[in-house]
Protein chains: 2
Amino acid sequence: MAPASLVANGGAAAAVEAVPAPVTGRVASVYSEVQASRIDHALPLPSVLKKPFKVVEGPASSAAGNPEEIAKLFPNVFGQPSALLAPSDSVSGLPEQKLKIGVVLSGGQAPGGHNVISGIFDYLQDRAKGSTMYGFKGGPAGIMKNKYIELTPEYIYPYRNQGGFDMICSGRDKIETPEQFKQAQETAVKLDLDGLVVIGGDDSNTNACLLAENFRGKNLKTRVIGCPKTIDGDLKCKEVPISFGFDTACKAVKNFMQIYAEMIGNVMTDARSTGKYYHFVRLMGRAASHITLECALQTHPNITIIGEEVAAKKLTLKNVTDHIVNVILKRADLGYNYGVILIPEGLIDFIPEVQQLIAELNEILAHEVVDEDGLWKKKLTSQSLELFDFLPEAIQEQLMLERDPHGNVQVAKIETEKMLIQMVETDLEKRRQEGSYNGQFQGQSHFFGYEGRCGFPTNFDSTYCYALGYAAGALLHSGKTGLISSVGNLDAPVEEWTVGGTALTSLMDVERRHGKFKPVIKKAMVELEGAPFKKFASLRNDWAINNRYISPGGF
Amino acid sequence: MAPASLVANGGAAAAVEAVPAPVTGRVASVYSEVQASRIDHALPLPSVLKKPFKVVEGPASSAAGNPEEIAKLFPNVFGQPSALLAPSDSVSGLPEQKLKIGVVLSGGQAPGGHNVISGIFDYLQDRAKGSTMYGFKGGPAGIMKNKYIELTPEYIYPYRNQGGFDMICSGRDKIETPEQFKQAQETAVKLDLDGLVVIGGDDSNTNACLLAENFRGKNLKTRVIGCPKTIDGDLKCKEVPISFGFDTACKAVKNFMQIYAEMIGNVMTDARSTGKYYHFVRLMGRAASHITLECALQTHPNITIIGEEVAAKKLTLKNVTDHIVNVILKRADLGYNYGVILIPEGLIDFIPEVQQLIAELNEILAHEVVDEDGLWKKKLTSQSLELFDFLPEAIQEQLMLERDPHGNVQVAKIETEKMLIQMVETDLEKRRQEGSYNGQFQGQSHFFGYEGRCGFPTNFDSTYCYALGYAAGALLHSGKTGLISSVGNLDAPVEEWTVGGTALTSLMDVERRHGKFKPVIKKAMVELEGAPFKKFASLRNDWAINNRYISPGGF
């Protein structure tokens, strides 16, 4: 065989060798026009953050559930009043002070994370001159291992109003064990930290509160403030009306980013143009179906499955398949052999019988040998066996073969959209043989995930996140700990946005795990009695049959 | 089991029944803001189309190859000079005439198709008042079956500057057999057509020329003009500098659409933020790798495979895998366990050994029983057997099981990006066991296809397509046939664009198929000596190791 390569000069390895050492961090000088223009996009601040402010406290807070247990778990920070920033009569506001502040990104990316960091940074530059800011690298592990970079104006600059989390990267580790808390304490002491901002979702904010509790219990000066972040939109309460990232992911705001809805709109146009494909689109949202619902309201697909409804109605996988097949049959009668179907990533988790099957499989596969003849299947309950046999072969194999290090079935790896395509195909084929269907069915599967969560933040997200960060700086400066940065009144002009902090414990309830109470911030699910779902429910029959597609576009 | 459903009122079927009859066509009143604002986006016309014009003819044309064979195949239209529109001294220009013009969309969608149609329509309204325009439905089959709709200003309006082909839909049928030509003639006569515009790629334009030849040979008055359309960018020549759709798919023009590059940029940001995934992105382009190359130049991925280079260097699948693995190893040494890799959809078609294997498989599977023990494999040549065994099991199965109606392997169904992930994974695992690799590898696969080709046309595409359509109207009005609408000087302001038509036969060569000469328009491939590839080749070693990612964004 002739020597061959895909590099310009000689063999790949040799050519690769000649390249200079890697650059770290972003470099604005090589940015695209959009990236460059976004950097200098001016961000308005809420009025209260533009002038000297004071902190006004509300009444003592409670918890979202089981306050007595939450109080026991957080003896040092439970019951704190919420803090609201208000204009101050004093000319100077808070005392000048040099602070040492750390920041960490926790969990999956959401557009706007970089703006939270620059908001904190700018607060310190504006209001606490001479302060130092550390970015812990790669998520909470960076705190435990004391891996950080010192943030400078030059380092931060290229990340302003840009998507992603790569300024300091993120991670999914948790600080949970006594040993891990000790590591975090050591870092806090070593860096002489006055404060730490944790940017993350429900779990990360629970963790932030445990850190606040722990630091205060150990009499460390390090205070901890959380910032609400989740692209799935499932971290939400009265004081935290929205998590950053959610706007970017879905809302069709002119001139802003709304990648998922844009892609769905394009796929709809494609479906209508070719007239021969059913596009099954899986969207992010493992625990809640907010993104799916929001995208449906923006684009009017023929079918949308909302996990919370499936759970509330205790639907089976067959019910879901039947629903899809019914719409396809009806559309075939009208001559439409195409359509668009939205499915939340977490659908399977909402179906009780699937959960039951997986639990049984985990149990059986841990103890039994899986024989070729399928005798092992006799260990399944009849309901689970029926479901297992109902599943497409590829999914059966995936359930049997793909296991995590603990030997458990990896539900997250199941490509729900492909599974549904196969099940619908099988059902339609049966009906074709029975003579009740003579349409054409071709499924196309899509997963819109990574393409969206690292998009540019919209102007809304950019501004909102910047305010969240700026507020976190103000709360730390005011000596607060165990609060989540809260920016409200978001429907009003930015000037009128409210800014403050809410006791993290007030968002918490407890769950019993391994015989112990664990604090949790309840995920905000799609409410079946809420206005968005009701609007969807009132329109979906029309959308199913007629083609009411809307293409939000990307301009 | 309790009755359960996903529709608001009772069972799915019942609720579906109650819905009113389907709407056909788009309705502007329910458009998104972007859709609505695009409709009235004003389109400039080249100066020459704004005033009375005349047709200036060049010298007689030849063919791209084998002119004597092309002349024999097209005795009635071969050798026509190219036509250039020039300002006319006469006040009125062409004579007033009521024309009957048909239009058809052929092949896959590309943004701008609707604008070609509205360009033709507006030409007739402006310059040939009282004309009638028919849209043949569902591609060339619509011509053969005489299925059409009469286009009116009201019907066309909602499609102006919108993506997709759904105004009249498209199809992939060809008009090839004597019987099919007869059907086309019947339609032309029945509708009393003065002209027909065929909007399509290389095959469709070849077909358009055969129709032009056929109609003239039968002394029909119906003239045929082609319009160049392909999202893959492989229909291109001196007079047709670009096919519409290509700009939209890739170019990072501020404020315009550039969906693929935007998504790649987002995936890059994601890769850098999480630091643990290699994203393998398959992009459209079965015959040529233009989109992949263009996206690479816009975004700077770590690895880009260009099919034309693979073919020119006669690379094997193992060479390609080795190249990817080498870069991954080098990056792992630098601590980068992530990256982005672009792959053209048609990669497999560029690898000679894979073509050979597939040819052998088609032959064997047509005649042999595939036995469990794999004895059938002995029929493979040793090189093909080696390759077959090198392939991941899932791909082996796909090659054996997924056959088209003729029993042939369906190469297009192979998910090349997943295949490469598995092959790279296997190779790295081997190296890990040998001790030469201790990084982490996790592949994520993406196919960016349907999401992009139905996006909104950019302002450039909107304007370019409108001019192509307007020009097609002018050429038909001037009595021309067998030309492809040509708009040039595209780097200049729109006013200065040149407008004319080029003899379709001048783009043609012949291929020998089934013992006969067949006319073909040569696909424009990525030229390894051309400036875009050379630029890419000079930078890729740097991109491989350093992270020079650029995010074109979507603003």
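By the naming in an unreviewed UniProt entry, chain A is Pyrophosphate--fructose 6-phosphate 1-phosphotransferase subunit beta, taken from Malus domestica. Per UniProt, the comment on chain A under Pathway (unreviewed entry) is "Carbohydrate degradation; glycolysis; D-glyceraldehyde 3-phosphate and glycerone phosphate from D-glucose: step 3/4." On record in UniProt, under Subunit (unreviewed entry), the comment for chain A is "Tetramer of two alpha (regulatory) and two beta (catalytic) chains."

Trainee: Which residues make up the side chain of Ser118(A), and what values go with them?
Mentor: Residue and element names in this part refer to chain A. One can find Ser118 in helix H4 (residues 113-127). Ser118 sits in the buried class, given a relative accessible area of 2%. At 3.3 Å, the side chain of Ser118 and the backbone oxygen of Asn115 are in polar contact. When neighbours within four sequence positions are excluded, Ser118 is seen to be in contact with Ile156, Arg160 and Tyr466.

Trainee: Describe the domain arrangement of chain A, with residues and values.
Mentor: Residues and elements named next belong to chain A. Under the domain assignment used here, chain A contains domain 1 (34-86 + 94-248 + 456-521) and domain 2 (258-454 + 530-545). For domain 1 versus domain 2, the separation of C-alpha centres amounts to 36 Å. Facing 15 residues of domain 1, the contacting portion of domain 2 comprises 14 residues. Overall, the association of domain 1 and domain 2 removes approximately 1000 Å² of surface from exposure, summing both partners, and the carbon and sulfur fraction of that is 56%. Inspection of the domain 1/domain 2 interface yields zero salt bridges. The interface formed by domain 1 and domain 2 includes zero residue pairs in polar contact (both at pLDDT 80 or more). Its residues placed into classes, the side of domain 1 that touches domain 2 shows five nonpolar, six polar and four charged.

Trainee: An account of helix H11 (residues 290-299) of chain B is needed here, citing residue identities and associated values.
Mentor: Residues and elements named next belong to chain B. Most of H11 sits inside the fold, with 10 of its 10 residues counted as buried. Among the residues making up H11, those that are buried are His290, Ile291, Thr292, Leu293, Glu294, Cys295, Ala296, Leu297, Gln298 and Thr299. His300 occupies a position one or two residues after H11 and carries a positive phi of about 60 degrees.

Trainee: Can you tell me about the pattern of salt bridges, naming the residues and giving the values?
Mentor: For the structure on display, the rule yields 52 salt bridges over all chains. Linking Asp122(A) and Arg160(A) is a salt bridge whose minimum nitrogen-to-oxygen distance equals 2.8 Å. Here Arg160(A) lies in the loop between helix H6 (153-156) and strand S6 (170-171) and Asp122(A) lies in helix H4, a separation of 38 residues in the sequence. A salt bridge links Arg432(B) to Glu429(B); its shortest N-O distance comes to 3.4 Å. Highlighted residues: Arg432(B) and Glu429(B), both in helix H17 (residues 416-434), separated by three residues, approximately one helical turn. Take Arg432(B): its relative accessible area is 31%, and that puts it in the partly exposed class. By relative accessible area, which is 34% here, Glu429(B) ends up partly exposed. Among the ionic contacts, a cluster of salt bridges with common partners joins Lys100(A), Asp192(A), Asp194(A) and Lys221(A).

About the thresholds
- Residues numbered from 1 in each chain as written.
- Chains lettered and ligands numbered in written order.
- Predicted model: local features only at pLDDT ≥ 70, side-chain atom pairs only at ≥ 80, totals over all residues.
- Heavy atoms only, no water.
- UniProt positions renumbered as here; feature names shortened; annotations may be inferred.
- Helix = DSSP H or I, 4+ residues; strand = E, 2+ residues; numbered from the N terminus.
- Buried < 20%, exposed > 50% of the residue type's maximum accessible area, 1.4 Å probe, protein only.
- Polar contact = N/O pair within 3.5 Å; in protein donor to acceptor, adjacent residues only side chain to side chain.
- Contact = heavy atoms within 4.5 Å.
- Domains from an automatic or database assignment.
- Buried area = accessible area lost by both parts, 1.4 Å probe.
- Salt bridge = Lys/Arg side-chain N within 4 Å of Asp/Glu carboxyl O.
- Nonpolar A, V, L, I, M, F, W, Y, C, P; charged D, E, K, R; others polar.

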